[in-house]
Structures are given as structure tokens and as C-alpha cells.
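Results of the structural survey
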Amino acid sequence: MAGFRVLPIAPALAEEVRSTLKSPQYGHPAHVELATGYGPCRACLKQFRTGEDDRILFTFNPFQGLDEYPSPGPVFIHAKSCASYDKPQSFPEELRFLPLTLEAYGENRWIIARERPSSDEIESAVERLLQTSGVRYIHVRNTEAGCFIARIERNSGTAENHS
């Protein structure tokens, strides 16, 4: 197996949200608030500092460019510009101990498999899911809220649009 890549939302999309305070995909207003929870930020994939960081809530469709049927949901990013997650071939340490669900998708966004790995099982779960017949990509989701955090692809594949 050639490994995997963890893809946050596209940096250009995050900057557009910050500059317009609107969802680039839908035009819905974005909301700025002091962090009341850990998040994480969908751009840098780091947790928010509760009561310290300002964050922006906006509507995001993580399937854009992958499937015609939209499934928008709420996501957060830091209100101030942050560096996009820059170690895609390793799982983000700040996500490791969060309640995570990995959803493996095939053609037509069909969920082929779903796992809720412990912190020390994440990489093996990702590799196992990517080796499952028909799996195209994986969504990392927050198990408590169900919301999208990041996408995981095979490292050997070509990059798909992750805006």
C-alpha cells in the first residue's frame, strides 16, 4: 500500500470565507463566534482553544467535485488566517484523540464501510478501508456531531478537488 493523504478544506476556500463571511458554495452568511468547543478547524486541522479563538461557522459540501448530489453541513475554521494542514501523509495529532468516525465511500457516494477506531488504530483502519474493494475515499467525521472534518485519499492517486 502506498499510504494515504489527509486533505483539509482548500486554503482558497477558507480565505474566501474569511474575506466575505459567506459560504463560497452556497452564499449563506457565515457566523463568527468565540470558540465554545474544540472544533477542529477544517483548514489547519487543529483544535480550537475554547474561550480564546474566534471561529467562523459556515455551510460546506464535502462532496463537491466528487458527487452531483449535495450534502451540505456546518463546519468551522479559525477566524484569523491559519496555515493549511501541511503533513498530509500523516494523520493529524490534534485529531487523534477526538471521537472519530471514518466513512469509506465508493461510486455514487455509497458508504461501503464505517469504522470508529481508537487513537492507536487510526492508521491501520485507514489502510484497511482504502484496501477495501470499491472504496474511492474516506471522510473523517466527528462521531458526536456527525460533521465533516477532512477527506482521506490513497497517496498514489491524483489529487481531487478538495474545495
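A few points on the structure. Keep in mind the model is a prediction, meaning the values are calculated, not measured.

On a plain count of helices and strands, the protein chain comes out with two helices and eight strands. Listing every helix and strand of the protein chain by position from the N terminus yields β-α-β-β-β-β-β-α-β-β. Relative to the globule expectation of 15 Å for 163 residues, the C-alpha radius of gyration of the protein chain, 15 Å, shows essentially globular dimensions. Per-residue burial over the protein chain gives 46% buried out of 163 residues.

Moving on, we get to the pairing of strand 1 (residues 4-7). Each regular strand shows side chains that alternate between the opposite faces of the sheet. Judged by which residues are buried, strand 1 turns out to be covered on both faces: F4 and V6 on one side and R5 and L7 on the other are all buried. Two elements, strand 1 and strand 8 (residues 148-154), share four bridges in a ladder whose sense is antiparallel. In the strand pairing of strand 8, R5 is matched with E153.

The subject of this paragraph is the sheet that holds strand 5 (residues 100-105). Across the sheet, five strands lie side by side as 1-8-7-5-6; this open sheet has antiparallel pairing. A strand with exactly one partner marks an edge of an open sheet, and here the two such strands are strand 1 and strand 6 (111-115). On average, adjacent strands in this sheet sit at an angle of 25° to one another, irrespective of strand direction. As defined by bridge partners, strand 5 adjoins strand 6 across four bridges and the pair is classed as antiparallel. Residue A104 lies in a different strand from strand 6, and its bridge partner there is A113.

Next up on the list: helix 1 (residues 11-20). Three or more residues of helix 1 are buried, namely L13, A14, V17 and R18. Each buried residue of helix 1 sits inside an arc of 140° when the element is viewed along its axis, so together they form one side. Facing away from the buried side of helix 1 by over 90 degrees, the exposed positions are A12 and S19. Where helix 1 terminates, the next one or two residues include L21, which has phi positive at roughly 55°.

Looking at where N61 falls in the secondary structure, it is placed in the loop between strand 3 (54-60) and strand 4 (73-78). Of the polar contacts made by the side chain of N61, one reaches the backbone nitrogen of F63; its length is 3.0 Å.

Another aspect to go through is the environment of Q47. Among the secondary structure elements, Q47 is positioned in the loop between strand 2 (31-34) and strand 3. Judged by its relative accessible area of 29%, Q47 falls in the partly exposed class. When the C-alpha positions of Q47 and L34 are compared, they lie 13 Å apart, and in sequence the two are 13 residues distant. Leaving out residues up to four positions away in the same chain, Q47 has contacts with Y38, P40, D53, H78, E94 and L98. A distance of 2.7 Å separates the side chain of Q47 from the backbone oxygen of E94, its partner in a polar contact.

Thresholds, definitions, all that
- Residues numbered from 1 in each chain as written.
- Predicted model: local features only at pLDDT ≥ 70, side-chain atom pairs only at ≥ 80, totals over all residues.
- Heavy atoms only, no water.
- Helix = DSSP H or I, 4+ residues; strand = E, 2+ residues; numbered from the N terminus.
- Rg over C-alpha atoms; globule rule 2.2 N^0.38 Å.
- Buried < 20%, exposed > 50% of the residue type's maximum accessible area, 1.4 Å probe, protein only.
- Pairing = 2+ DSSP bridges.
- Axes fitted to C-alpha atoms, helices over the stretch in contact; angles between N-to-C directions.
- Arc of directions from axis to C-beta.
- Polar contact = N/O pair within 3.5 Å; in protein donor to acceptor, adjacent residues only side chain to side chain.
- Contact = heavy atoms within 4.5 Å.

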